[in-house]
Amino acid sequence: MIELYYWPTPNGHKISIMLEECGLDYEVKPVNIGAGDQFDPEFLKLSPNNRMPVIVDTDTGISIFEGGAILIYLAEKTGMFLPKEQRPRFEVLQWLFWQTGGLGPMAGQLSHFVNYVEEAVPYALQRYANEYDRLLAVMDVRLRDREFLAGDYSIADIASFPWVLPYRRLGNDLDKFANLRRWFDALKVRPAVQRGVDLGKEWRRDEVNDEKARAMIFGQNSETVFAAAQALEKQIEVL
Ligand SMILES: N[C@@H](CCC(=O)N[C@@H](CS)C(=O)NCC(=O)O)C(=O)O
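Residue indices begin from 1 for each chain and proceed along its sequence in written order. A pLDDT threshold of at least 70 governs which residues receive local features in this predicted model, and a stricter bar of 80 or more applies before side-chain atom pairs are shown or counted, although totals over entire chains, interfaces and linings include all residues.

Teacher, can you tell me more about helix 4 (residues 86-116) here?
Note on helix geometry: an α-helix contains 3.6 residues per turn, so any two residues three or four positions apart are oriented the same way. Taking 1.5 Å per residue as the helical rise, helix 4 with its 31 residues ought to reach 45 Å, and the 42 Å between its terminal C-alpha atoms agrees with that figure. Across the chain, bend at a residue is computed as the angle between axes fitted to the seven residues ending at that point and the seven starting from it. Strands are runs of DSSP state E lasting at least 2 residues, helices are runs of H or I lasting at least 4, and numbering of each runs from the N terminus. Taking the largest bend as the criterion, helix 4 deviates by roughly 40°, centred on Gln99. Contact definition: two residues whose C-beta atoms, as placed from backbone geometry, lie within 7 Å. Among the structural elements, helix 1 (10-22), helix 3 (67-78), helix 5 (122-142) and helix 6 (155-164) are those in contact with the buried residues of helix 4. Any helix carries an expected span of 1.5 Å times its number of residues minus one.

Quick question: what am I supposed to make of the pairing of strand 3 (residues 54-57) here?
A regular strand places its side chains so that they alternate between the two faces of the sheet. Whether two strands pair depends on DSSP finding at least two bridges between them. Here four bridges tie strand 1 (residues 2-6) to strand 3, and the two strands are oriented antiparallel to one another. Its bridge partner being in strand 3, Glu3 is matched across the sheet by Val56. The pairing of strand 3 with strand 4 (residues 62-65) spans four bridges and is antiparallel. Bridging from a neighbouring strand, Asp57 pairs with Ile62 of strand 4. Counting the residues between successive antiparallel strands, the hairpin from strand 3 to strand 4 contains four residues, one of them, Gly61, with a positive phi of roughly 75°.

Got a minute to help me understand unusual backbone geometry in this structure?
Here the residue pair Met52 and Pro53 is connected by a cis peptide bond, since its omega of 10° sits within 30 degrees of zero. Relative to the elements of secondary structure, Pro53 occurs in the loop between helix 2 (41-46) and strand 3. Phi is positive for Phe81, close to 70°, though the residue is something other than glycine. The residue Phe81 is located in the loop between helix 3 and helix 4 in this model. Partly exposed residues are those falling between the two cut-offs: more than 12 but fewer than 20 other C-beta atoms within 10 Å of their own, whereas 20 or more means buried and 12 or fewer means exposed, with C-beta atoms placed from the backbone. What makes Phe81 buried here is the crowd of 20 C-beta atoms within 10 Å. Phi at Leu174 takes a positive value of approximately 65°, unusual for a residue other than glycine. Here Leu174 shows up in the loop between helix 6 and helix 7 (178-188).

Read these as spatial facts, not as claims about activity.
Printed below as a string of structure tokens:
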């Protein structure tokens, strides 16, 4: 059984889609990031970066944070969506790392400047909108002569889809990306993708997006990390 520490965001969706695609049994442990659950000392033991998603595999006792590492783990556990042979395996891994190091962080920053800043910051908005647009074009060119990013449908596609999904909200229209559009349309009708994206969508109602929540999420720095580490140490001393 997989325990999934999760909130319905693009980074969470990577893993909910993968679990649905693999047909693995899983139990969801909601981490309401608007309410500050990511700072809970119990959660920090699993996720030192205080971010979800995280999984715990109760069959092996292994816990993993970082979406890319979780996807590789689940692919190896099930033998699905990541080839074993070296050449095709690295085709997939390079696109997976491209997503975790590029598309995800750039789209995440764009989302911040589109959805959360109080006063518009035109330079930052333009910078991340350009970068998101550029990365979508990289996918489009890659998909010119193939169905998926790397060989068969793989964890590279699963990781990338959730950050293409909010394209409209992020100010793009995919109009100039015919190949990407084809890929996107093919993935979005997969039943497992739909179930993964729908997982917990009703909880978004409970999400806190007031000034206090924004200060907590976007005011994080070294002090918040040290304070959380201290709270965890105290809890361990008490035990
Ligand atoms: N690189 C991480 C990113 C995870 C991440 O940024 N998660 C966000 C939600 S999308 C989070 O937990 N945010 C909590 C916070 O910022 O305090 C991954 O791919 O797993």
